[in-house]
Amino acid sequence: MCELHLASRGIMRPALLAAFNRGMAHGVIFVVGAGNGGAVTQPMSPGTNPGILVVGSEGRTGAVSPFSTTSIASDITTAQALDASGSEIHLVAPGEEILGGGITEGRWVSDVLQSGTSGASALVAGQLALMKQRWPGATGNQLLFSLLRNAIQPQGTPVWDPRRGFGAVDL
């Protein structure tokens, strides 16, 4: 069982912390947006919790979105040390001008263009759901490692990068 030890940091209420721990014990992968605070800011909670897949945003050209929170580390060794405390980005996904619903001028409309890491994380969660459907016997860790291993880096190098994590999700 992978437990989150966050009570002392006050990041989560005990009931929410217990729910995360139960989910992780059953192989659930929690996917969250990194936040929209810009480069070199710490991901938002619950992305600051160990065991959470943190997703940033990229635009149509493949460039990391200027609003997307990225890593505070500059190299993989520092990132691994920080990741134990949940302070790192793992992937990027399309997060600019995604068609969705929202409130405009006081009423709900279903064709609003939105940008942010929340939309990017929803795409990654959808990708994981499709993977689970295709390989129902796969564990959460197997799906997660497949997702990270197949991430796309612009130069084709399969290494961690402070702006993109392990790369862009390969939808």
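Residues numbered from 1 in each chain as written. Predicted model: local features only at pLDDT ≥ 70, side-chain atom pairs only at ≥ 80, totals over all residues. Heavy atoms only, no water.

### What to know about the packing of aromatic side chains
Thought 1: This model, assessed by the stated rule, comprises 1 aromatic pair.
Thought 2: Aromatic side chains Phe20 and Phe30 sit 4.4 Å apart centroid to centroid with 35 degrees between the ring planes, which places their arrangement in the tilted category. Of this pair, Phe20 sits in helix α1 (residues 14-25) while Phe30 sits in strand β1 (residues 30-33), and the two are 10 residues apart along the sequence. (Phe/Tyr/Trp six-rings, centres within 6.5 Å; stacked < 30°, edge-to-face > 60°. Helix = DSSP H or I, 4+ residues; strand = E, 2+ residues; numbered from the N terminus.)

### Considering α1
Thought 1: In a regular helix each residue adds 1.5 Å, so 12 residues correspond to 16 Å; α1 covers 16 Å between its end C-alpha atoms and thus fits that length.
Thought 2: Looking at α1, one finds that the buried residues are Leu17, Phe20, Asn21, Gly23 and Met24. When α1 is viewed along its axis, its buried side chains cluster within an angular range of 160 degrees and face the same direction. Within α1, the exposed residues directed more than 90 degrees away from the buried face are Pro14, Ala15 and Arg22.
Thought 3: Just beyond α1, the residue with positive phi is Gly27, at close to 85 degrees. (Expected span 1.5 Å × (residues − 1). Buried < 20%, exposed > 50% of the residue type's maximum accessible area, 1.4 Å probe, protein only. Arc of directions from axis to C-beta.)

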